[in-house]
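Here is how the chains run, residue by residue.
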Amino acid sequence: MAQPVRSISLPSRLNPISQKIESELNKLRTCRSSSPLGSESLLINLSGLADLFNSIEELVQSQLTQQALNHQQCKALVEETLEGSVWLLDSCGNARDLLLAMKQQVQDLQSALRRTKSSIDSSVHAYLCFRKKAKKNVAKSLGELKKMETRFGCLLHLLDVDYNVLIVIKLLRELSALTVSMFQSLFVFLSMPVTTRWSLVSKLKAVTFATASEKEQKVHNEVGTVDVALCSLHKRDAKMDVKKVQLRLETLCCSITGLETGLERLFRCLLQHRVSLLNLLTP
């Protein structure tokens, strides 16, 4: 006699939620892969990621999800996701700290350029020294994100777990992996001035700051245009005057402000996500 086959269809109330989240995940992946690494596309992706976390809240807080995860083995899976949420919060906090420090450096440089020419060289030097130090911090952050990427990318081998649980855990892991990828892009944006086809981490290790000999390379983000402008100004390039540098600094400052706002919203979503995961483990 044939063994009965368990249906893999989700309950009618849970299925639309999971389908909605999967659709949003796919859209954000497509948007991210097709967008240039600039502040505008990053801000759009950060906003989409925050929206996704809001959607996942609907799934996590649903009664069906809570019932499905109300088993010891399932709680272990939730605890694993909960641990990952701490890493995501730390990465978000590191990115916010870096943006805040960079914004302060940009504003100090703007102030120096408005005052007197005698302070320009020292101010430019201070900014470039900050950038070199920031690259080291970014390299460390990217290393941690790489470890997280490997962990979240592991396949699920949970054949004896209810299919509804698999769906929830799968979506949670996919969202975590996408968040890691988004933070990688943000850190690379903050450290990479020029276009290259190398991998994210290889880029950071291999590329140095733009010099006068690199001016022909295409710079595609606000951070890079400031680097090139400052190097040209520092080398007394006649084509680069203080006004041009000031305009690029203003653009960069506005970009940083926008990214700060996007990260602040995402941080709140990550915090709420962690609270919801903790509630799943609370009797």
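Please refer to the structure placed before this passage.
Along each chain, residue indices are assigned from 1 in the same order as the chain's sequence is written. Where local features are concerned, this predicted model is filtered to residues with pLDDT of at least 70; where side-chain atom pairs are given and counted, the filter is 80 or more; whole-chain, interface and lining totals use all residues. Each side-chain value is worked out from all heavy atoms of the structure, with water and hydrogens disregarded.

**Student:** Please explain the overall build of the chain as it appears in this structure.
**Tutor:** Secondary structure elements are taken from DSSP: a helix is a run of H or I of four residues or more, a strand is a run of E of two residues or more, and numbering for both begins at the N terminus. Within the chain one finds nine helices and zero strands. Residue contacts are defined here by distance: any two heavy atoms, one from each residue, within 4.5 Å place the two residues in contact. Across the chain, the fraction of contacts at a sequence separation of at least 24, relative to all contacts at a separation of at least 6, is 80%. Put simply, the chain shows about 14,900 Å² of open surface, and 55% of that area lies on carbon and sulfur atoms. Method for areas: the Shrake-Rupley scheme with a 1.4 Å probe, in which residue coverage is limited to the protein chains shown.

**Student:** Is there a simple way to explain the packing of helix α2 (residues 39-60) against helix α9 (residues 242-281) in this structure?
**Tutor:** The relative placement of two packed helices is expressed as an angle between their axes plus a distance between the axes. Between N-to-C directions, angles cover 0 to 180 degrees, with each direction set by a line fitted to C-alpha atoms, over the stretch in contact for helices. Where α2 meets α9, the axes come as close as 9 Å, and the angle between the chain directions of the two elements is 15 degrees. With respect to their mutual orientation, α2 and α9 come out roughly parallel. In the crossing of α2 with α9, the sense of the turn from one axis to the other is left-handed. Under the grouping applied here, Gly and all other residues not named as nonpolar or charged are polar, the nonpolar ones being Ala, Val, Leu, Ile, Met, Phe, Trp, Tyr, Cys and Pro and the charged ones Asp, Glu, Lys and Arg. Here the contact of α2 with α9 is composed, by residue class, of 14 nonpolar, nine polar and three charged. Under this scheme an angle from 65 to 115 degrees is roughly perpendicular, one under 35 degrees roughly parallel, and one over 145 degrees roughly antiparallel; angles in between are oblique. When the near helix sits turned anticlockwise from the far one by under a right angle, the crossing is termed left-handed; a clockwise turn instead gives a right-handed crossing.

**Student:** What exactly am I supposed to notice about helix α6 (residues 163-191) here?
**Tutor:** Every α-helix carries 3.6 residues per turn, so stepping three or four residues along brings you back to the same face. A helix is expected to span 1.5 Å for every residue after the first. The end-to-end C-alpha separation of α6 is 42 Å, in line with the 42 Å expected for 29 residues at 1.5 Å each. The classification of residues rests on relative accessible area computed with a 1.4 Å probe and restricted to protein chains. Under 20% of the type maximum is buried, over 50% is exposed, and intermediate values are partly exposed. Counting buried positions along α6 gives 25 out of 29 residues, so the element sits mostly inside the fold.

**Student:** Sorry, what's going on with the pattern of salt bridges here?
**Tutor:** Two side chains of opposite charge can pair, provided their charged atoms sit close to one another. A pairing counts as a salt bridge when a side-chain nitrogen of Lys or Arg comes within 4 Å of a carboxyl oxygen of Asp or Glu. Per the stated rule, a full pass over the model turns up eleven salt bridges. Residue K170 is joined to E22 by a salt bridge in which the shortest nitrogen-to-oxygen separation is 3.3 Å. On the criterion of sequence distance, the pair formed by K170 in helix α6 and E22 in helix α1 (residues 15-34) is long-range, its members being 148 residues apart. The class for E22 is partly exposed, based on a relative accessible area of 21%. Residues joined in a network through salt bridges with shared partners are E22, R29, K170 and E174.

**Student:** Honestly, the nonpolar core in this entry has me stumped. Any pointers?
**Tutor:** Within soluble globular proteins, side chains that are nonpolar tend to cluster in buried spots. In plain words, nonpolar cores are sets of buried Ala, Val, Leu, Ile, Met, Phe, Trp, Tyr and Cys residues tied together by side-chain atoms within 4.5 Å. In this structure, I56 and L263 are the most contacted members of the largest nonpolar core, which totals 75 residues. Listing elements by their share of this core, those giving two or more residues are α1, α2, α4 (72-115), α5 (120-152), α6, α8 (222-234) and α9. In terms of residue count, α6 provides more of this core than any other element does, 16 residues in total. In this structure I56 touches I21, L171, L172, L175 and H273, once residues within four positions along its chain are discounted.

**Student:** Just checking my understanding: could you explain the side chain of H273 for this structure?
**Tutor:** Relative to the assigned elements, H273 resides in helix α9. Those residues within four positions of H273 in sequence are excluded, and the remaining contacts are F53, I56, E57 and L172.

**Student:** Would you mind showing me how to read the layout of surface pockets here?
**Tutor:** The method is simple in principle: a probe with the dimensions of a water molecule rolls over the atoms, and the space it marks as empty is what remains. Buried and open spaces are told apart on a 1 Å grid over the protein atoms alone, a cavity being a set of points where a 1.4 Å probe fits but cannot get out and a pocket being an open set with protein on both sides within 12 Å along at least five of seven lines. Residues with an atom within 4 Å of a point are the lining residues. Grid points are joined across faces, edges and corners, and a volume is the space filled by probe spheres set on the points. Empty space within the largest pocket amounts to approximately 360 Å³. Along the walls of the largest pocket sit 17 residues, with N94, N137, K140, S141 and F187 positioned nearest its centre. Contributions of two or more residues to the lining of the largest pocket are made by α4 and α5. In terms of residues, the lining of the largest pocket owes the most to one element, α5, which gives nine residues. For the lining of the largest pocket, the per-class residue count stands at eight nonpolar, four polar and five charged.

**Student:** When you look at the environment of Q272 in this model, what are you seeing that I'm missing?
**Tutor:** With respect to the helices and strands, Q272 occurs in helix α9. Using a relative accessible area of 38% as the deciding quantity, one classes Q272 as partly exposed. In this structure the C-alpha to C-alpha distance between Q272 and F53, which are 219 residues apart in sequence, comes to 8.8 Å. Excluding residues within four positions of it along the chain, Q272 makes contact with E57 and Q61.

Coordinates in, geometry out; function isn't part of it.
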